Amino acid sequence: MSTDTSTESPETAPAPAPGAAPAKSSTGHRRLLTRRDRVTLGLMAGVPTILHVALVWLTALASIALAFTTWDGIGFDSIKWVGLQNFKQLFTSNPQFWPAVEHNVIWFVVLILLPTPFGLFLAVQLDKKIRFSRVYQTAFFLPVVMSLAVIGFVWQLIYNPDTGLINSLIGANKPGHYIDWIGDPDLNLWAILVAASWRHAGYMMILYLAGLKSVDPALREASALDGANEWQTFKNVVFPTLRPTNTVVLVVTIIEALRAFDLVFVFNKGAQGTELLSILVTNNIIGESSRIGYGSAIAVVLLVISLAVIIPYLIATFRKERRA
């Protein structure tokens, strides 16, 4: 007696109709966002966006609009449109404006020429994986973590005419030999720039150290095989690959130079040779005069200066990268 055995082929599942939801798989299941998930994601993305628009963009646009008005800050009915009168008065009859612009330019030049190369030097040395490199990184980066107000108080102690470290070392803390580092208009700006450079060098060190970590080690090995020494390798191989980092460094330095405020305000509130645009904005908006429209005009000038420097450089840099 023979048994007829036949193999049945699995039936082919019918194809889903167009537009119909895909069937649930036996090996996995679709993950759909529930209503609670959508609400959570909406809050996570929406709340920061609303805060950013309200606190940054709307306030910036409001400041630009107020630059063409006069307002003492008491009631919106006192806002009066004056057109370009604030800018005309700023450029022609404010004795502090052009010295403030000059000081901001000096601030930028000093930061880009002194602490920036020094920060690059520190980054190159620490990239060699020397002993205790973590300790050195922490020591050099510590001023960046500290508040600028705290840094100002520390350097005030160093510059103190009577008991300060500098005058004590050079013997200038005796009657008739005092050096007033903060009160002397010929010295105070440079004294504050020393404190600013002390902090800025650590900032640049971290940025360049991150850029050096991204350099392909094969490039250095190939340069060494070609007979290049350490300086030639850095100049011809390593430094050209740091172009994106250099862009970030330049933008950060410009921003640091234009928004400089804390150190100067802690030292002497921007008086006697340390005038800055940020100090003028603060004095006019929240000072005794409460000239919000005039202070907004100075803020608009500060914004235009920063954009006029940063945007052309970024455009030129991006064009070079596209061509490359």
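Each value, and the rule that gives it
- Residue indices follow the written sequence of each chain, beginning from 1 at its first position.
- Reporting in this predicted model follows two pLDDT cut-offs: at least 70 for local features of residues, and 80 or more for side-chain atom pairs to be given and counted; totals over whole chains, interfaces and linings ignore these cut-offs and use all residues.
- Hydrogens are left out, water is left out, and the side-chain values use all remaining heavy atoms of the structure.
- Using protein atoms alone on a 1 Å grid, points that fit a 1.4 Å probe yet trap it form a cavity, whereas open point sets bounded by protein on both sides within 12 Å along at least five of seven lines form a pocket; residues with an atom within 4 Å of a point count as lining.
- Grid points are joined across faces, edges and corners, and a volume is the space filled by probe spheres set on the points.
- Gly falls in the polar group here, along with every residue not listed as nonpolar (Ala, Val, Leu, Ile, Met, Phe, Trp, Tyr, Cys, Pro) or charged (Asp, Glu, Lys, Arg).
- Fitting a line to C-alpha atoms yields each axis, with helices limited to the stretch in contact; the angle taken between N-to-C directions then spans 0 to 180 degrees.
- For the purposes of this entry, the term helix denotes a DSSP run of H or I that reaches at least four residues, the term strand denotes a run of E that reaches at least two, and both are numbered from the N terminus.
- Every angle not falling under 35 degrees, over 145, or within 65 to 115 is termed oblique; those three ranges are roughly parallel, roughly antiparallel and roughly perpendicular.
- In what follows, residue pairs with any heavy atoms lying within 4.5 Å of each other are defined as contacts.
- Classification of residues uses two cut-offs on accessible area relative to the type maximum, computed with a 1.4 Å probe and protein chains only: under 20% is buried, over 50% is exposed, and between them is partly exposed.
- When two rings of Phe, Tyr or Trp (its six-membered ring) have centres within 6.5 Å they constitute a pair, described as stacked for plane angles under 30 degrees, edge-to-face for angles over 60, and tilted for the intermediate range.
- Both a distance and an angle decide whether a charge sits over a ring: NZ of Lys or CZ of Arg must be within 6 Å of the ring centre and within 35 degrees of the ring normal.
- Here a patch means residues that are over 30% exposed by relative accessible area and free of salt bridges, tied together within 9 Å if like-charged and within 5 Å if nonpolar (Val, Leu, Ile, Met, Phe, Trp, Tyr).
- Exposure was quantified through the Shrake-Rupley algorithm and a 1.4 Å probe, taking into account, for residues, occlusion by the shown protein chains and nothing else.
- By definition, a salt bridge exists where a carboxyl oxygen of Asp or Glu is found within 4 Å of a side-chain nitrogen of Lys or Arg.
- Positive charges come from Lys and Arg, negative ones from Asp and Glu, while His and the chain ends are left out of the count.
- Charge placement uses NZ in Lys and CZ in Arg. For Asp and Glu, CG and CD serve respectively.
- Polar contacts, as counted here, are pairs of nitrogen or oxygen atoms within 3.5 Å of one another; within protein the pair requires one atom able to donate a hydrogen and one able to accept it, and residues that are adjacent in sequence qualify only if both atoms are side-chain atoms.
- The criterion is simple. A nonpolar core is a set of buried Ala, Val, Leu, Ile, Met, Phe, Trp, Tyr and Cys residues joined through side-chain atoms within 4.5 Å.
- Residue-level confidence of the predictor, termed pLDDT, takes values from 0 up to 100.

1. Brief notes about empty space enclosed by the protein
What the rule picks out here adds up to one cavity of 30 Å³ or more. Its volume calculated, the largest cavity comes out at about 140 Å³. Forming the boundary of the largest cavity are 13 residues, of which Trp107, Leu148, Ala196, Glu256 and Leu263 lie nearest the centre. Its residues assigned to classes, the lining of the largest cavity shows eight nonpolar, one polar and four charged.

2. Things to note about the packing of helix H3 (residues 97–113) against helix H4 (residues 115–126)
Here H3 crosses H4 at 20°, and the two axes come no closer than 3 Å. When the axes of H3 and H4 are compared, the pair comes out roughly parallel. When H3 is examined against H4, the residues Val110, Leu111, Ile112 and Leu113 are found in contact with a partner set consisting of Pro115, Thr116 and Pro117. Split into classes, the residues belonging to the contact of H3 with H4 amount to six nonpolar, one polar and no charged.

3. Regarding unusual backbone geometry
Residue Lys269 is not a glycine yet carries a positive backbone phi of 60°. For Lys269, the position within the fold is in the loop between helix H12 (262–268) and helix H13 (277–285). Overall, Lys269 belongs to the exposed group, its relative accessible area being 53%. Even without glycine at this site, Gln272 takes up a positive phi of about 55°. Relative to the helices and strands, Gln272 resides in the loop between H12 and H13. For Gln272, a relative accessible area of 47% corresponds to the partly exposed category.

4. Here's the deal with the packing of aromatic side chains
On inspection of all chains with the given rule, the structure shows 14 aromatic pairs. A centroid spacing of 6.2 Å and a plane angle of 50° characterise the contact between Tyr159 and Phe267, whose relative ring orientation is tilted. In this pair, Tyr159 is assigned in helix H6 (residues 148–159) and Phe267 in helix H12, connecting sequence segments 108 residues apart. A connected cluster of aromatic rings, assembled from ring pairs, spans Trp155, Tyr159, Trp181, Trp198 and Phe267. Directly above the aromatic system of Phe265 lies the positively charged group of Lys269, at a separation of 5.3 Å from the ring centroid. In this arrangement the basic side chain of Arg291 is found over the ring face of Tyr294, its NZ or CZ atom lying 4.1 Å from the centre.

5. Considerations on the layout of surface pockets
Counted as a void, the largest pocket has a volume near 280 Å³. Along the wall of the largest pocket there are 14 residues; nearest its centre are Val124, Lys128, Glu230, Phe234 and Val238. Only H4 and helix H10 (230–241) provide two or more residues apiece to the lining of the largest pocket. A breakdown of the residues in the lining of the largest pocket according to their chemical character gives eight nonpolar, two polar and four charged. Of all the elements in the fold, those that place two or more residues in the lining of the second largest pocket are helix H11 (243–258) and helix H14 (292–323).

6. Some remarks on H13
Among the nine residues of H13, seven are classified as buried, and the element is accordingly described as predominantly covered. Restricting attention to buried positions, one finds in H13 the residues Leu277, Ser278, Ile279, Leu280, Val281, Thr282 and Asn284. Each element contacted by the buried residues of H13 is listed here: H3, H11, H12 and H14.

7. A short note on a positive patch on the surface
On the surface, Arg243, Arg319, Lys320, Arg322 and Arg323 cluster together to form a positively charged patch. The biggest single contributor to the positive patch is H14, with four residues. Tracing the chain through its elements places Arg322 in helix H14.

8. Focus on the side chain of Thr253
Relative to the assigned elements, Thr253 resides in helix H11. Its relative accessible area of 0% is what places Thr253 among the buried residues. Reaching out from Thr253, the side chain makes a polar contact with the side chain of His200 at a distance of 3.4 Å. Ignoring anything within four residues of it in the chain, the contact list for Thr253 reads Phe108, Leu111, Ile112, Thr116, His200 and Met204.

9. As for the nonpolar core
One finds Trp107, Trp155, Tyr159, Leu263 and Phe267 to be the most contacted residues of the largest nonpolar core, which totals 23 residues. Going through the elements one at a time, H3, H6, helix H8 (188–213) and H12 are the ones with two or more residues in this core. Sort the elements by how many residues they give to this core and H8 lands first, with six residues. Residues Ala67, Phe97, Leu258 and Leu302 belong to the second largest nonpolar core, which totals 20 residues.

10. Brief notes about the confidence of the model for the protein chain
Overall, the predicted model of the protein chain reaches an average pLDDT of 84, with 90% of residues at or above 70. Segment residues 1–13: pLDDT under 50, and zero contacts once partners within four positions in sequence are set aside and those in other chains are kept.

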